[in-house]
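# Commentary on secondary and tertiary structure
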Amino acid sequence: MRFGSHLSVAGGVANAVRSAIELELDCVQVFTANQRQWAPRAPSKEEIDDWFVALREAGWDDPDDCRTVSHNSYLVNLASPDHDARKRSIAAQRTELERCEALAIRRCVMHPGAHLGAVPPRVRAPERPQACTDDEQGGIDRLVESLDSLHDETRGFKVVTCLENTAGPGTALGYDLRQLAMVRERVKRPERIGYCFDTCHATAAGYDMSTDAGAASTLAIMKSLLSPDRVLVFHLNDSKGACGTRLDRHEHIGDGVCGAACFRVLLREPAFEKRPGILETPKEGSFKGKPWDRENVRRLRALSKPARTSARVGR
Ligand SMILES: [Zn+2]
Ligand SMILES: [Zn+2]
């Protein structure tokens, strides 16, 4: 896997690429615009030109090499039962996809959204008898419809929307990997859809990855449900919340409930060799005087090496 981080675009999107190079990362994730505004300002012509200059400097200028990843706005809910909210979400997501095209970003990570109906029983995802409650099914129907209309409106776009598995707070969809699989099975243009697998969210949703056996079994479930060649992005976060708590709180690599086993197993999977693996771990403070991203990537690199040479991680 290639290791990167979600970095700030303050002062221009190119700054995220330059910070990534300074941190010696292999890829980067960005918000292409302010993720808390419905109609954010799009990057200017100068900003876009500078982005491509930074990519060339980094040697990241082949878009199909997928060194850059976008994360969509937190406001977008394509599964909303409210007609106006869904319309607004589709419009906002369309502008997100347009920005990705303008920046030659081929991977746009997207949360599947929330159905806003009844909260499902808190059962660990792998132990749920059925993939969906009735309300979840309704949400997935609306999500599929929204994606189909987005794909119609953006024909020929090269960006692939990567549905992210969630921790499953409230009425969020996508904590059960079967729900993500259903979406891609049902859209008219499945080639426009891939997946993003978040280790913290999987753990919080009830997929235990804290032991070698647990991690291997989760990996097998993920590969069989989502197909390894469609899992295009990884979010590498440890989890503060225990397995099955649905708590979405990211922790430094090796310091949380996922622990070393989760990353050791996942990172050594040959099918994911060139995938972007993005840290969304806390950036505040530092580890022994160095930026946390640098330390977390060091831990990931150590864990991705074969067992005999792997260094100690964690505190
Ligand atoms: Zn994530
Ligand atoms: Zn999260």
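Higher on the page you've got the structure.
Residues numbered from 1 in each chain as written. Chains lettered and ligands numbered in written order. Predicted model: local features only at pLDDT ≥ 70, side-chain atom pairs only at ≥ 80, totals over all residues. Heavy atoms only, no water.

## Examining the overall build of the protein
Assigned secondary structure in the protein consists of 9 helices and 12 strands. Whereas a compact globule of 315 residues would reach a radius of gyration of roughly 20 Å, the protein reaches 19 Å, a difference of no more than 12%. Along the first, second and third principal axes, the C-alpha set of the protein runs to 55 × 50 × 30 Å. Within the span of the protein, comprising 315 residues, buried residues form 57% of the whole. Taking all contacts inside the protein whose residues are at least 6 apart in sequence as the whole, residues at least 24 apart take part in 77%. Per element, the accessible surface of the protein, about 13000 Å² overall, is 50% carbon and sulfur. Seen as two clouds, the 46 positive and the 44 negative side-chain charges of the protein have centres 3 Å apart. (Helix = DSSP H or I, 4+ residues; strand = E, 2+ residues; numbered from the N terminus. Rg over C-alpha atoms; globule rule 2.2 N^0.38 Å. Buried < 20%, exposed > 50% of the residue type's maximum accessible area, 1.4 Å probe, protein only. Contact = heavy atoms within 4.5 Å. Areas by Shrake-Rupley, 256 points an atom, 1.4 Å probe, with all protein chains shown as cover. Lys, Arg positive; Asp, Glu negative; His and termini not counted. Charge placed at Lys NZ, Arg CZ, Asp CG, Glu CD.)

## Some details on the coordination of the zinc ion (ligand 1)
At this site the zinc ion (ligand 1) is bound by Glu164 (OE), Asp198 (OD), His235 (ND1) and Glu280 (OE), with donor distances of 2.0 to 2.3 Å. As a motif over one chain, the donors of the zinc ion (ligand 1) read E-x33-D-x36-H-x44-E. Separating the zinc ion (ligand 1) from the zinc ion (ligand 2) is a distance of 4.6 Å. Here Asp198 lies in strand β6 (residues 193-198) and Glu164 lies in strand β5 (residues 160-164), a separation of 34 residues in the sequence. Here the two residues Glu164 and Asp198 agree in accessibility, since each one is buried. (Donors = N, O, S within 2.8 Å, 3.2 Å for Na, K, Ca; no water.)

## Thoughts on helix α7 (residues 212-226)
For α7, built from 15 residues, the straight-helix expectation of 21 Å at 1.5 Å per residue is met to within 8% by its first-to-last C-alpha distance of 21 Å. Where α7 is concerned, the buried positions are Gly214, Ala215, Thr218, Leu219, Met222 and Leu226. Taken down its axis, α7 places every buried residue within 135° of arc, on the same side. Away from the buried face of α7 by more than 90 degrees, exposed residues Ala213 and Ser224 are located. Downstream of α7 by one or two residues, Ser227 has phi in the positive range, about 65°. (Expected span 1.5 Å × (residues − 1). Arc of directions from axis to C-beta.)

## Considerations on the packing of aromatic side chains
Scanning the model with the defined rule gives 4 aromatic pairs in all. An aromatic cluster is present here, built from Phe197, Phe234 and Phe272 joined pairwise through their rings. The aromatic ring of Trp38 is capped on one face by Arg88, whose charged end is 4.9 Å from the ring centroid. (Phe/Tyr/Trp six-rings, centres within 6.5 Å; stacked < 30°, edge-to-face > 60°. Lys NZ or Arg CZ within 6 Å of the ring centre and 35° of its normal.)

## Re unusual backbone geometry
Note: most residues except glycine have negative phi, and most peptide bonds are trans. Located in the positive-phi region is Cys66, a residue other than glycine, with phi close to 55°. Mapped onto the elements of the fold, Cys66 is located in the loop between α2 (45-58) and β3 (68-71). Cys66 sits in the buried class, given a relative accessible area of 8%. For Lys288, which is not glycine, the phi dihedral falls at a positive 45°. On the secondary structure map, Lys288 appears in the loop between β11 (286-287) and β12 (290-291).

## Some points on the nonpolar core
Of all hydrophobic cores here, the largest spans 73 residues; its most connected members are Met222, Phe234, Leu236 and Phe263. Apart from the residues lying within four places of it in its own chain, the contact partners of Phe263 are Thr199, Leu236, Asn237, Asp238, Ile253, Gly254, Cys258, Leu300 and Leu303. Grouped together as the second largest cluster of nonpolar side chains are 9 residues, Val109, Cys196, Val233 and Ile278 included. (Core = buried A, V, L, I, M, F, W, Y, C linked by side-chain atoms within 4.5 Å.)

## Quick word on helix α9 (residues 292-304)
A rise of 1.5 Å per residue sets the reference length of α9, with its 13 residues, at 18 Å; its end C-alpha atoms lie 18 Å apart and thus fit the reference within 8%. Looking at α9, one finds that the buried residues are Trp292, Asp293, Glu295, Asn296, Val297, Arg299, Leu300, Ala302 and Leu303. On its buried side, α9 packs onto β1 (2-6), α8 (259-267), β10 (276-279), β11 and β12.

## A few points about the pattern of salt bridges
In total, this model carries 28 salt bridges according to the counting rule given. Residue Lys45 pairs with Asp49 through a salt bridge whose shortest N-O separation is 2.7 Å. Remark: Asp49 and Lys45 occur in helix α2; sequence separation between them is 4 residues, near one turn of the helix. Taking relative accessible area as the criterion, Lys45 reaches 56% and is therefore assigned exposed. Owing to a relative accessible area of 37%, Asp49 belongs among the partly exposed residues under this scheme. In this structure, Arg128 and Asp176 form a salt bridge, with 2.8 Å as the shortest nitrogen-oxygen distance. Residue Arg128 is found in the loop between β4 (107-110) and α4 (134-153), and its partner Asp176 is found in the loop between β5 and α5 (177-186); the two are separated by 48 residues along the sequence. No difference in accessibility class separates Arg128 from Asp176, as the two residues are buried. One salt-bridge network, in which partners are shared between bridges, spans Asp255, Lys290, Glu295, Arg298 and Arg299. (Salt bridge = Lys/Arg side-chain N within 4 Å of Asp/Glu carboxyl O.)

## Quick word on the coordination of the zinc ion (ligand 2)
Six octahedral donors around a metal ideally make angles of 90 or 180 degrees; four tetrahedral donors ideally make 109.5 degrees. Within the protein, the atoms that donate to the zinc ion (ligand 2) are His201 (NE2), Asp248 (OD), Asp248 (OD) and His250 (NE2), at distances of 2.0 to 2.7 Å. Coordination at the zinc ion (ligand 2) comes from 4 donor atoms whose angles at the metal span 51 to 137°, giving a geometry best classed as irregular. Expressed as a motif, the donor residue spacing for the zinc ion (ligand 2) is H-x46-D-x1-H. (Tetrahedral: all angles 85-135°; square planar, octahedral: opposite > 155°, others 65-115°.)

## Details of the side chain of Thr203
By the secondary structure assignment, Thr203 is in helix α6 (residues 199-205). Classification of Thr203 by relative accessible area gives buried; the value is 2%. The contact partners of Thr203, leaving out residues within four places of it in the chain, are Met209, Ser239, Gly241, Ala242, Cys243, Gly244, Val257 and Cys258.

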